[in-house]
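Coordinate analysis (summary)
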Amino acid sequence: MLHVNLIKAADPEEVGKLAADLFEALIRTKPACVIGLATGSTPLPLYRELIAREKAGKIDFTRVRSANLDEYKGLAPDHPQSYRRFMQENLFDHISIKPENTIVPDGLAEDVQAMCEAYERKIEAWGGVDLQLLGIGHDGHIGFNEPAGHFPGMTHEVELTAMTRDANKRFFASLDEVPTAAFTMGIGTVMAAKKIVMVVTGADKHDILMKSFFGPVTPEVPASILQFHPDVTVICDAAAWGE
Ligand code: F6R
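Residues numbered from 1 in each chain as written. Predicted model: local features only at pLDDT ≥ 70, side-chain atom pairs only at ≥ 80, totals over all residues. Heavy atoms only, no water.

An unreviewed UniProt entry lists the protein chain under the name Glucosamine-6-phosphate deaminase, with Candidatus Avoscillospira stercorigallinarum given as the organism. In its Function (unreviewed entry) section, the UniProt entry covering the protein chain states "Catalyzes the reversible isomerization-deamination of glucosamine 6-phosphate (GlcN6P) to form fructose 6-phosphate (Fru6P) and ammonium ion." Taken directly from UniProt, the Sequence similarities (unreviewed entry) text for the protein chain runs: "Belongs to the glucosamine/galactosamine-6-phosphate isomerase family. NagB subfamily." (UniProt positions renumbered as here; feature names shortened; annotations may be inferred.)

Below you can see the structure in the form of structure tokens.
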């Protein structure tokens, strides 16, 4: 391992507060910053904290730009399970970020290649991601970059593994309704972020946390590539740490 900042928090709420500290520090020093965002359960305490901090006047999202990691293929932005909708409901609708300053891959894109390239160009035009938020899947996926024989570079389409579809079925009426494909930033897109913060909570994430940061770097564990990023902070709770 080169250098990864590992911070152990007591519980998911504290993980959210510590991660919020990093976003607050960035937004206060660079009000027009670019943040990379994730969906899933783990970031929810962080999003609640960011909403509370803006309401308390500690941060201001009016000039912040955000790019989300991923979106299900085939889901419209207003679909109850789309990641765009998730972001609206859990963060964007409650803060002052401008709608035109938030991007999520277009789940309905017909020209997938053009959409993915445009997504990369937009992030580049914004000057790149200053702080990228990540969660981690039980198989080590980041975004929807699943275990594979290589590290995918840029934003692209992926088939979802049975494990990931199964993990995400809790949000759908049945497994059959979970999309079989998605669009995701690539590992290259993620690694291009200037700073990365990963949030990890729950005993069920312990094994993959250890494998990712204390095991070999391999595309079979996509998150392990983060060992090669120069500025990664992992914030985990006691359960994920193994206590
Ligand atoms: C979602 C994403 C995924 C999740 C991962 C963990 O945008 O990037 O990689 O971070 O599936 O999800 P939770 O937090 O629900 O355990």
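On to the overall build of the protein chain. A count of helical and extended segments in the protein chain gives 8 helices and 10 strands. Here the C-alpha radius of gyration of the protein chain, 17 Å, is about what a compact globule of 243 residues would show, namely 18 Å. Viewed in the frame of its principal axes, the protein chain has a C-alpha envelope of about 45 × 45 × 35 Å. Across the 243 residues that make up the protein chain, the buried fraction comes to 53%. For the protein chain, contacts bridging at least 24 residues in sequence account for 80% of all contacts bridging at least 6. Looking at the protein chain, you have 23 positive and 34 negative side-chain charges, and the mean spots of the two groups are 6 Å apart. (Helix = DSSP H or I, 4+ residues; strand = E, 2+ residues; numbered from the N terminus. Rg over C-alpha atoms; globule rule 2.2 N^0.38 Å. Buried < 20%, exposed > 50% of the residue type's maximum accessible area, 1.4 Å probe, protein only. Contact = heavy atoms within 4.5 Å. Lys, Arg positive; Asp, Glu negative; His and termini not counted. Charge placed at Lys NZ, Arg CZ, Asp CG, Glu CD.)

The antiparallel open sheet is built from 3 strands, whose spatial order is β4-β8-β7. If you trace the sheet from one side to the other, it starts and ends with β4 (70–72) and β7 (156–159), each paired once. Sheet twist, expressed as the mean angle between neighbouring strand axes with direction ignored, is 25°. Across 3 bridges, the pairing between β4 and strand β8 (residues 181–184) is antiparallel. Each bridged residue has a counterpart across the sheet, and for Asp70 the counterpart in β8 is Thr184. (Pairing = 2+ DSSP bridges. Axes fitted to C-alpha atoms, helices over the stretch in contact; angles between N-to-C directions.)

Bringing the packing of aromatic side chains into the picture now. Overall, the coordinates contain 5 aromatic pairs when judged by the stated rule. Summarising the aromatic geometry, the rings of Tyr72 and Phe144 are spaced 5.6 Å apart at their centres and angled 45° between planes, so their arrangement reads as tilted. Taken together, the residues Tyr72 in strand β4 and Phe144 in the loop between β6 (131–134) and β7 connect sequence positions 72 residues apart. Like Phe144, Tyr72 is buried. Connected via pairs of aromatic rings, a cluster forms that spans Tyr72, Tyr83, Phe144 and Phe172. (Phe/Tyr/Trp six-rings, centres within 6.5 Å; stacked < 30°, edge-to-face > 60°.)

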